[in-house]
Amino acid sequence: MKVLVPVKRVIDYNVKVRVKADSSGVDLANVKMSMNPFDEIAVEQAIRLKEAGQADEIVIVSIGVEKAQETIRTALAMGADRGILVKAVDNVETDVEPLAVAKILAKIVEEEGPGLVLCGKQAIDNDMNATGQMLAALLGWAQGTFASKLAIEGDHASVTREVDGGLQTIKVKMPAVVTVDLRLNEPRYASLPNIMKAKKKPLDVKTPEDYGVDVSPRLTVVSVKEPPARKAGVKVADVAELVDKLKNEAGVI
Amino acid sequence: MTSPFFTGEHAMLRDQLRRFVAEEVVPHAEAWEAEGSVPRDVLRRMGELGFLGIRYGEQWGGADMDTLGSVVLAEELGRSTFGGFAITVLVHTDMASVHVANAGTPEQRARWMPGIVAGETVTAVAVTEPGAGSDVKGIATRAEQIPGGWRLSGSKLFITNGVHADLVCVAAKTGGERPSRAVTMFAVERDTPGFRVGRVLDKQGWRCSDTAELVFEECFVPHENVLGPEGGGFGAIMRNFQNERLVIAAMAMAEAETALEITLEHVKTRRAFGGTLWDREAVRQKLAALWGRVAAAKAMVHQVAWRDGRGEDCVREVSALKALCGELVNEVMYACVQCHGGSGFMADVAINRMARDARVHAIGGGATEVMLEEVAKRL
């Protein structure tokens, strides 16, 4: 079985995000970019499937700027086999929206014929949480979202989902799209010898035109604001004062 | 963030190292400071991930990277805020094992390099003595030729990794007319009869790095453990010093940069006299000026590492960098402790540890004064 893993290059989760002065978005100039952490979990899961003999090839796809090649190389260094970069935009500030991404991925799925698409549940930059679901709909495939456990059992996959108040286990028919959650696994390190080997793994470069997909934005960003600064707290002398304040000032009990 | 020198592989190595430091070093290193050494399983894990073979051949499990690969390692370990951890690794990778990698015969390399790259064979280099440091020709440890090998007598001081190393590259006088041809390097294995750790040394900083006085008492070293040609030790030490000094400069600037980050965080939140410390022009101008000097020195480290990787002679530049960075990191640490006020004087805060650790950068690997003479000779 071939496994397809789409990965997105996003602002590194350690970076303190700054909103631009004109409120048009966050400042991406000269900040560290990395693989979306949920996508890293998807890559790890694909490698584990391969190690368990349940997958034989892992194909990584990234859609975005030219530099997304580096993100693909990271996945190749972890253990994926080859990559496809769809160079869709020239400017890192331009986000390719989930529907356009899903349409391109659907075309790549048609060409590649994977038995499973493993995606991160969402990208940490815009938190859309839509691409995997849209892809499943476009393909007419089953979907299992927010997976915290995944087992392939013949022509079905058992997906344990993190839902409010507990875990739900569902059985989906393969081929399927599975989006992964934080607790599915802990991604491995890419060892330095594997980083060097990744350099030699094949990486195709495509454009949205190759797939006949229009990536022009459908959404308009009206304004981006930082969350309000937290106000200074107060110290209370004892529990009685705390209860009093909660009752009479905050009015919450 | 973009650089004309670093490749995608360097960037990936940096990412992996940064994660390793955050997950496997920082949460535990306070305990290592108290114990006085870095646990061996941490070094073995670094070996598994290829971090100890950055410069070495693929046949030994290495990655065959250039000088910039060592710079990435030194910078990311420097960012850990635990100088003792950083130096434990860097002495092994870039200061001691280079004697085996550069001068070793095919048999010697086959014997030791796989263990060195895997973190199983930890190395130290023993040149300095009670009576000679940067003045390498002045060492007193002697090796006498006897049937089957050599007999070493003398002692070595301030040897990093000296307490726990498995393999020590030892410089000893083997005689001869010319002082520059009178020193030979020997690979001495742990538990060799006549070789022992004389004292475990206590230090101001680098407290999780083990430092020792080593004693050689009629210690027999077989011919197959001689590193390089007889009388070739001085030249080998001088050549390997280039890498050592460049790595120290890279480590020092990463430490300086990290100290400034920590201090900026502090002064922007610490309130005094109705505002933050950052509201005070004296504070922010001091930090801004230091930031610029560190950025400039760091840029020179990268440029010189790139030139070194192309095989250019950079002795003057490397010596200048060692002098510059060794002093600058101490200026930065002094200012950062000052900006922390009373809390900076407390032994258990990062900035205090970093200031204690930084002091040796102006001394070890060639003192500032010695470095400046090397520069002056070439002006």
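Located above this text is the structure these notes cover.
Rules used in this analysis
- Residues numbered from 1 in each chain as written.
- Chains lettered and ligands numbered in written order.
- Predicted model: local features only at pLDDT ≥ 70, side-chain atom pairs only at ≥ 80, totals over all residues.
- Heavy atoms only, no water.
- Helix = DSSP H or I, 4+ residues; strand = E, 2+ residues; numbered from the N terminus.
- Buried < 20%, exposed > 50% of the residue type's maximum accessible area, 1.4 Å probe, protein only.
- Contact = heavy atoms within 4.5 Å.
- Pairing = 2+ DSSP bridges.
- Right-handed = clockwise from strand over helix to strand, strands pointing away.
- Core = buried A, V, L, I, M, F, W, Y, C linked by side-chain atoms within 4.5 Å.
- Buried area = accessible area lost by both parts, 1.4 Å probe.
- Salt bridge = Lys/Arg side-chain N within 4 Å of Asp/Glu carboxyl O.
- Polar contact = N/O pair within 3.5 Å; in protein donor to acceptor, adjacent residues only side chain to side chain.
- Axes fitted to C-alpha atoms, helices over the stretch in contact; angles between N-to-C directions.
- Expected span 1.5 Å × (residues − 1).
- Bend = angle between axes of the 7 residues up to and from the residue.
- Patch = residues over 30% accessible without salt bridge, like charges linked within 9 Å, V, L, I, M, F, W, Y side chains within 5 Å.
- Areas by Shrake-Rupley, 256 points an atom, 1.4 Å probe, with all protein chains shown as cover.
- Phe/Tyr/Trp six-rings, centres within 6.5 Å; stacked < 30°, edge-to-face > 60°.
- Lys NZ or Arg CZ within 6 Å of the ring centre and 35° of its normal.

K.L.:
What should I look at first to understand unusual backbone geometry in this one?
P.N.:
Following A:M174, the chain continues to A:P175 via a peptide bond in cis, the omega torsion being -5°. Take A:P175: it is sitting in the loop between β9 (166-173) and β10 (176-180). Positive phi values are uncommon outside glycine, yet B:T81 reaches one of about 75°. Position of B:T81 among the secondary structure elements: in the loop between α4 (67-78) and α5 (83-103). Notably, B:E218 is not glycine yet its phi reads approximately 45°, a positive angle. Within the secondary structure, B:E218 is located in strand β7 (residues 211-222). Classification of B:E218 by relative accessible area gives exposed; the value is 57%.

K.L.:
What am I meant to see in the side chain of B:H302 here?
P.N.:
Residues and elements named next belong to chain B. Looking at where H302 falls in the secondary structure, it is placed in helix α8 (residues 281-309). The exposure class assigned to H302 is buried, which follows from its relative accessible area of 11%. Those residues within four positions of H302 in sequence are excluded, and the remaining contacts are F5, F6, L68, V71 and E75.

K.L.:
What exactly am I supposed to notice about the pairing of strand β5 (residues 82-87) of chain A here?
P.N.:
Consecutive side chains along a regular strand alternate between the two faces of the sheet. Residues and elements named next belong to chain A. The element β5 is largely enclosed, with a buried count of five among its six residues. The sheet contact formed by strand β4 (residues 57-64) and β5 spans six bridges and is parallel. Among the inter-strand pairings, I60 is bridged to a residue of β5, identified as G83. After leaving β4, the chain enters helix α2 (residues 68-78) and then returns to the sheet as β5, a path that is right-handed. Note that β5 and strand β11 (residues 203-206) share four bridges and pair parallel. In the sheet register, I84 faces β11, and the bridge partner there is D204.

K.L.:
Any chance you could explain the nonpolar core here in plain terms?
P.N.:
Soluble, globular proteins show a tendency: their nonpolar side chains are buried together. In this structure, A:V5, A:I60, A:L118, A:L150 and B:F85 are the most contacted members of the largest nonpolar core, which totals 139 residues. The leading source of residues in this core is helix α7 (residues 233-269) of chain B, at 15 residues. Ignoring sequence-local partners within four residues, the contact set of A:I60 consists of A:V5, A:V7, A:V43, A:I72, A:A75, A:L76, A:A80, A:R82, A:G83 and A:I84. Counting 28 residues, the second largest nonpolar core, distinct from the first, contains A:V86, A:A102, A:I108 and A:V117.

K.L.:
Sorry if this is basic, but what is going on with the interface of chain A and chain B here?
P.N.:
A common measure of how large an interface is: the accessible area buried when the components associate. Contact residues are listed per partner, giving 19 residues for chain A and 20 residues for chain B. Regarding the contact of chain A and chain B, the summed buried area is about 1800 Å², with carbon and sulfur atoms giving 59% of it. With a closest N to O distance of 3.1 Å, A:K16 and B:E265 form a salt bridge. One can count seven residue pairs in polar contact (both at pLDDT 80 or more) joining chain A with chain B. When contributions to the side of chain A that touches chain B are tallied by element, the ones reaching two or more residues are α2 and α5 (192-198) of chain A. With four residues, the single largest contributor to the side of chain A that touches chain B is α5(A).

K.L.:
I tried to follow the sheet that holds strand β1 (residues 2-6) of chain A on my own but got confused; where do I start?
P.N.:
Within a sheet, adjacent strands bond to each other through the backbone by hydrogen bonds, running parallel or antiparallel. Residue and element names in this part refer to chain A. Reading across from one edge, β9-β8-β7-β10-β6-β1-β4-β5-β11 is the order of the nine strands in this open sheet, with mixed pairing throughout. Of all strands in the sheet, those bounded by a partner on one side alone are β9 and β11. Here the strands of the sheet are splayed against their neighbours by 30° on average, with no regard to which way each runs. Looking at chain direction, strand β7 (residues 142-153) and β10 are connected through four bridges and run parallel. The partner of Q143 across the bridge, within β10, is V177.

K.L.:
Where do I start with α2(A) in this structure?
P.N.:
Each α-helix turn comprises 3.6 residues. Residues three or four places apart therefore point the same way. Residue and element names in this part refer to chain A. Within α2, nine of the eleven residues are buried, leaving the element largely enclosed by the surrounding structure. Residues of α2 that are buried: A68, T71, I72, R73, T74, A75, L76, A77 and M78. At the C-terminal side of α2, G79 shows a positive phi close to 145°.

K.L.:
I tried to follow α5(B) on my own but got confused; where do I start?
P.N.:
All names here are of chain B. In this model, α5 (21 residues) spans 28 Å end to end at C-alpha, consistent with the 30 Å of a helix rising 1.5 Å per residue. Of all bends in α5, the biggest is about 55°, found at S97. The element α5 is largely enclosed, with a buried count of 19 among its 21 residues.

K.L.:
Honestly, a nonpolar patch on the surface in this entry has me stumped. Any pointers?
P.N.:
On the surface, A:V234, A:V236, A:V239, A:L242, A:V243, A:L246, A:V252 and A:I253 cluster together into a nonpolar patch covering about 700 Å² of accessible area. Considering the arrangement of structural elements, one finds A:L246 in helix α6 (residues 239-250).

K.L.:
Hey, could you run me through the packing of aromatic side chains in this one?
P.N.:
Aromatic ring pairs are reported here in terms of the distance separating the ring centres and the angle at which the planes meet. For the structure on display, the rule yields six aromatic pairs over all chains. Taken together, a centroid distance of 5.7 Å and an interplanar angle of 80° make the contact between B:F20 and B:F51 edge-to-face. With B:F20 in helix α1 (residues 8-25) and B:F51 in the loop between α3 (40-48) and α4, this pair connects stretches of sequence that are 31 residues apart. Residues B:F20 and B:F51 agree in their burial class; the two are buried. Centre to centre, the rings of B:F195 and B:F216 are 4.9 Å apart; their planes meet at 5°, and the pair counts as stacked. With B:F195 in strand β6 (residues 195-200) and B:F216 in strand β7, this pair connects stretches of sequence that are 21 residues apart. Comparing B:F195 with B:F216, the two get one shared label, buried. Aromatic ring contacts, followed pair by pair, group A:Y189, B:F20 and B:F51 into a single cluster. In this structure, B:R14 is placed above the aromatic ring of B:F6, and the distance from its NZ or CZ to the ring centre is 5.4 Å. Lying over the aromatic face of A:Y189, B:R19 brings its terminal NZ or CZ to 4.1 Å of the ring centre.

Everything listed here is a matter of geometry and, on its own, says nothing about what the molecule does.
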